[in-house]
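# Report on the structure
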Amino acid sequence: MDDLARFPFFRPFAAEALEALAGAARWHGFEPGQTVLEAGDPARDVFFIAEGEVRIVMRSAGGHEIILNELGPGQFFGEIAAIDGGPRSVGVVALTRARVCVIAAAPFMSFALSTPEASHQVMRMLAALVREKDARLLELTILPVRPRLIALLLRMSRPRVVGEGEGVVVSPPRPHHELAARIGTRREVVTRILGALTREGLASPGRGGLVLPDPATLIAEVETSFRTATGG
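An account of the accompanying structure is given in this report. Computed from a predicted structure; not experimentally measured.

### Some words on the environment of S171
Within the fold, S171 resides in the loop between β10 (168-170) and α7 (176-183). Sequence separation of S171 and P32 is 139 residues, and the distance between their C-alpha atoms is 19 Å. Within the structure, S171 has its side chain in polar contact with the backbone oxygen of G208 (distance 2.6 Å).

### What to know about the pattern of salt bridges
Enumeration over the complete set of coordinates arrives at 15 salt bridges. We note a salt bridge from E139 to R136, for which the minimum N-O separation is 3.1 Å. Here E139 pairs with R136, and both are found in helix α5 (residues 116-142), just three residues apart, close to one helical turn.

### Remarks on unusual backbone geometry
In the segment running from S171 into P172, the intervening peptide bond is cis, with an omega of 0°. Of note, P172 is situated in the loop between β10 and α7.

### A closer look at the sheet that holds strand β9 (residues 158-159)
The four strands are arranged β9-β10-β12-β11 in an open sheet whose pairing can be described as antiparallel. For this open sheet the edge positions go to β9 and β11 (204-206), each flanked by a neighbour on one side alone. As judged from the two bridges shared by β9 and β10, these two strands associate in the antiparallel manner. Pairing of R158 across the sheet is with V169, part of β10.

Cut-offs and rules
- Residues numbered from 1 in each chain as written.
- Predicted model: local features only at pLDDT ≥ 70, side-chain atom pairs only at ≥ 80, totals over all residues.
- Heavy atoms only, no water.
- Helix = DSSP H or I, 4+ residues; strand = E, 2+ residues; numbered from the N terminus.
- Polar contact = N/O pair within 3.5 Å; in protein donor to acceptor, adjacent residues only side chain to side chain.
- Salt bridge = Lys/Arg side-chain N within 4 Å of Asp/Glu carboxyl O.
- Pairing = 2+ DSSP bridges.

Put into structure tokens, the structure is as follows:
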């Protein structure tokens, strides 16, 4: 019970309510780069991340890998297949050494459907997922590559600590091929755009990460691109 209670999804519930799930839970470890599940897999388990990070990926018809998301401790995945009974729509790979709690679809759905708060949590999570996917789809559909890359860098950034200077930083620095896989373009294009941003003083590569010294200007560029694309 203590192990399940460590996950935010299960914290609102008493130990008695989690007893059946605790008995059905299985714990697995994964090494960096190891596949957690493959797209098309018929298994319907739900995975809760106790330690480490995983990456959600999809492969295009041409074999190109598209990075959809990265998840860390406390988050979970696999609920869509558990709900609709379909095969996995994406693949999941361990980014770091990871430990996950695996619960089969039947006990998970039984718990969710019999517990209103759990049902609400699942619905809220799915609603947030739809909103996020809609926002990313809009970017991919209407924005040129440069503002798509800028929007991604801003989402990945964090404020710089006191003494580091102004702006925000993407840390650790991300490989260009990874950035390209996140926005549906090629590594060479990302390299060219980052070079232009550096020359314009809007990006500064460093050992600790990619510094964006003037995020307000970058935000304005993305917003202008949206308005231009939508005729606003």
